[in-house]
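# An overview of the molecular structure
The primary structure of each chain is shown beneath.
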Amino acid sequence: MSAFDAASWNGIAIDSTCGGYGTCKKCKIQITTGDVPPAKLDLRAFTQSDIVDGWRLACLVRTTSDISMRVPALTTRPKAATVGVGRQVILRPAVQKRYIELEEPTLHDQRTDIVRVLDAVEDIQAFFSLPAIRDLPTMLRASHFKVTAVFIDQEFIGIEAGDTTSSRYGIAYDLGTTTVVATLLDLNAGTPLAVKSMLNKQQPFGADVITRISATMLDPSALGRLRVLAQDTLAQLTREVCEEANINPLHVYEVALAGNATMVQLLLGVDPEPLGVAPFIMASAEFPDVSATELGLDLHPQAKAIILPSLGAYVGGDIIAGALASGMDRDKRLRLFIDVGTNCEIILGDGTKILATAAPAGPAFEAASIKCGVRAASGAIETVKIVDGVLVIGTIEDSPAIGICGSGLVDACAVLVQIGLLDHSGRFVTDDVAQSVAPSLASRLCHREGERIFVLDWGSEEGNLDDSIFLTQRDVRELQFAKAAIATGWALLLEEFNLEERDIQQVLLAGSFGSYLSPSSAIKIGLVPKISVMRIVSAGNVAGEGAKMVLLSAQERHGATALLDEIAYVELSDRADFNDKFVERLAFPR
């Protein structure tokens, strides 16, 4: 067993994006006692001084004797979009409460307890289950028959002592591969009371769905562990939002969850292997409403969980939620919806015809495959600009730079192309050309371990690369592959409409990454169509907004299901022309 696996089994999270296979070089630990000779990959991942100081990759450390190691703190609260573009809905939640004062039974009125309750609620033709009436006799008599009856749709789920009609709550979850967001809603007012986000605790199994699916294929016990980690993530966020709003979790009666197909199946304990291999088949596009306890949540005992439906293996419930929130089936403009991430989901529609696809962008936008890449946390370079010939970087929380996150990577490549230090093929220019086009920045183009790099931040000393933050030629290629996959996706959808880029009237950039991505930089690198920057909107966490909508309106819940029939899925891997068009989109636009 590796040190990475041992730490994972003992609940110690070590940063990794490849799932412990030695390819991402993120699982850095420091051996403090014991002898662990460096592996070949260690020599490539660390400087010689780091090796001497005991730094190793945890997934490569295997030893038969006791060792001690220091594990760097893992960022569990990456910067994330917690709100997004939505639309107004008619407030009509499925959760209903009715305060009733009942006459006590007599020898002349021997109606059963449940009949007595349901007779008093004339506007709901209800049914009930055994768990809902177990405590009914005791509760009625302890409350002197003055109680509040609680219903979800037509189902009676229990009573509460006194008048609790003012306490009616739900929680909407955006279960992302990287980040999970929970929003506590007041179902009486339709307003959010608290919102929290955190890193998905499944992270040690890899940064993307493929590595997590692979883990379940290689280890029969991995599915159970992944399920528990997903449940633990939701449970922790649930506790946090309830504590922040100072509400009793027993007054949360319904939750809604939007996630991609893999995340949903892992959460429910459904084998995800068929999702990871052709022909990419889901266990089910729709799941019945389940008890919230199935998700590991400690709420009202009869609380229900709504799982938003998936369109395909790689266009999941999070995208259905996003399409619902952004009104892709209602707006008559030609609109392009892009959820930028490791697996990029794309929707193109004009309100009548709606097409969707998924593009294998890879982990570049999460900075997982980037040499100095880090998550979007304090100190991550998120913006890069050139002002009067001077490089200006912006970091999250204005903290000292620790690495570069996805939005910073896009900005960096965009400005380097703009000033001529990157040519349109994506290659760093020669020293002579650099001196000619950008003399004040030419010294930042240099070599490290035989690879051409551009230094974004020198660290402690200018000219010393030991603690610098830089962009490598390989990083640029990773970004090119990612943006080409996405651009090929929306270009092929445009062909299905027999339209061109200029016909697109609005682009919605969704998800946490899309929220912080510079629209002008996205245009410059060819990630989005070359249209007016004013037509590009950062849509934010529309998946979370869609999940909120299905809690606030039973009508919108039906609308989410209807989208399965209204959106047609286009499989890119089945297109003979995909590779040719992908190659065409690799270059940066002129």
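From a predicted model like this one, the values you see are computed outputs, not experimental measurements.

## Points about a nonpolar patch on the surface
Together, Met-217, Leu-218 and Val-277 give the surface a local cluster of nonpolar side chains, amounting to about 280 Å² of exposed area. In this structure, Val-277 sits in the loop between helix H10 (273-276) and strand S12 (290-291).

## Observations regarding the sheet that holds strand S19 (residues 403-404)
As a general point, the strands of a sheet are linked pairwise by backbone hydrogen bonds and lie either parallel or antiparallel. Spatially, three strands are ordered S18-S17-S19 in an open sheet, and the strand pairing comes out mixed. One side of each edge strand has no neighbouring strand; the edge strands of this open sheet are strand S18 (390-395) and S19. Alignment of strand S17 (residues 380-387) against S18, held across six bridges, turns out to be antiparallel. Considered in S18, the bridge of Val-384 is made with Ile-393. The sheet contacts of helix H12 (residues 406-419) involve S17 and S19, and relative to S17 the element is tilted by about 20°.

## Some remarks on the packing of helix H8 (residues 222-245) against helix H9 (residues 261-268)
At a closest axis distance of 7 Å, the pairing of H8 and H9 adopts a crossing angle of 100°. On the basis of the axis angle, H8 is roughly perpendicular to H9. Residue-level inspection shows Leu-223, Leu-226, Arg-227, Ala-230, Gln-231 and Leu-234 of H8 in contact with H9, the latter providing Leu-266, Leu-267 and Leu-268. In terms of residue class, the contact of H8 with H9 is made up of seven nonpolar, one polar and one charged.

## Concerning helix H14 (residues 473-497)
Helix length check: H14 (25 residues) gives 36 Å between terminal C-alpha atoms against 36 Å at 1.5 Å per residue, within 8%. Taking burial as the measure, the 25 residues of H14 include 19 buried ones, the bulk of the element. Looking one or two residues past H14, Asn-498 carries a phi angle of roughly 60°, positive in sign.

## Description of the packing of helix H11 (residues 317-326) against helix H18 (residues 554-566)
Orientation of H11 relative to H18, taken along the N-to-C sense of each, is 115°, at an axis distance of 10 Å. In the crossing of H11 with H18, the sense of the turn from one axis to the other is right-handed. Touching Ile-320, Ala-323 and Leu-324 of H11 are Glu-556, Gly-559, Ala-560, Leu-563 and Leu-564, all from H18. Of the residues in the contact of H11 with H18, the class split is six nonpolar, one polar and one charged.

## What to know about the nonpolar core
Soluble globular proteins tend to pack their nonpolar side chains together in the buried interior. Counting residues in hydrophobic clusters, the biggest one holds 84 residues, and the most contacted among them are Ile-171, Leu-234, Val-252, Val-255, Leu-257 and Leu-295. If you tally residues by element for this core, the top one is H8, at eight residues. Those residues in contact with Val-255, other than ones at most four positions away along the chain, are Ile-171, Tyr-173, Leu-295, Leu-297, Leu-299, Lys-304, Ala-305, Ile-306 and Leu-551. Core analysis: the next-biggest nonpolar cluster, separate from the first, contains 76 residues, Ala-414, Ala-482, Ile-486 and Leu-572 among them.

## A closer look at the sheet that holds strand S21 (residues 451-457)
Taken in spatial order, the three strands make up an open sheet running S20-S21-S22, and their pairing is antiparallel. At either end of the open sheet lies a strand with only one pairing partner, and these are strand S20 (445-448) and strand S22 (469-472). The mean angle between the axes of side-by-side strands here comes to 50°, regardless of whether they run parallel or antiparallel. In the sheet, S20 pairs with S21 via four bridges, with the strands oriented antiparallel. Its bridge partner lying in S21, Cys-446 is registered against Ile-453. In this fold H12 packs onto S21 and S22, with an angle of close to 65° to the strand it touches most, S22. Sitting on the sheet, H14 is in contact with S21 and S22, with an inclination near 60° to S22.

## Section: the packing of aromatic side chains
Considering all chains together, one arrives at four aromatic pairs under this definition. Centroid distance Phe-280 to Tyr-314: 5.9 Å. Interplanar angle 75°. Geometry classified as edge-to-face. Of the two residues, Phe-280 is situated in the loop between H10 and S12 and Tyr-314 in the loop between strand S13 (304-307) and H11; the sequence distance between them amounts to 34 residues. Note on Tyr-314: relative accessible area 15%, which makes it buried. The aromatic ring of Phe-497 is capped on one face by Lys-353, whose charged end is 4.8 Å from the ring centroid.

## Focus on the pairing of strand S8 (residues 169-175)
In the case of a regular strand, side chains alternate between the two sheet surfaces. Most of S8 is tucked away: seven of the seven residues are buried. Neither face of S8 is left uncovered, since the one carrying Tyr-169, Ile-171, Tyr-173 and Leu-175 and the one carrying Gly-170, Ala-172 and Asp-174 both have all their residues buried. Here S8 hands over to strand S9 (residues 179-186) after three residues, the two strands then running antiparallel side by side. Pairing between S8 and strand S11 (residues 252-259): seven bridges, direction parallel. Its bridge partner being in S11, Gly-170 is matched across the sheet by Glu-254.

Basis of the calculations
- Residues numbered from 1 in each chain as written.
- Predicted model: local features only at pLDDT ≥ 70, side-chain atom pairs only at ≥ 80, totals over all residues.
- Heavy atoms only, no water.
- Patch = residues over 30% accessible without salt bridge, like charges linked within 9 Å, V, L, I, M, F, W, Y side chains within 5 Å.
- Areas by Shrake-Rupley, 256 points an atom, 1.4 Å probe, with all protein chains shown as cover.
- Salt bridge = Lys/Arg side-chain N within 4 Å of Asp/Glu carboxyl O.
- Helix = DSSP H or I, 4+ residues; strand = E, 2+ residues; numbered from the N terminus.
- Pairing = 2+ DSSP bridges.
- Contact = heavy atoms within 4.5 Å.
- Axes fitted to C-alpha atoms, helices over the stretch in contact; angles between N-to-C directions.
- Parallel < 35°, antiparallel > 145°, perpendicular 65-115°, else oblique.
- Nonpolar A, V, L, I, M, F, W, Y, C, P; charged D, E, K, R; others polar.
- Expected span 1.5 Å × (residues − 1).
- Buried < 20%, exposed > 50% of the residue type's maximum accessible area, 1.4 Å probe, protein only.
- Left-handed = near helix turned anticlockwise from the far one by under 90°.
- Core = buried A, V, L, I, M, F, W, Y, C linked by side-chain atoms within 4.5 Å.
- Phe/Tyr/Trp six-rings, centres within 6.5 Å; stacked < 30°, edge-to-face > 60°.
- Lys NZ or Arg CZ within 6 Å of the ring centre and 35° of its normal.

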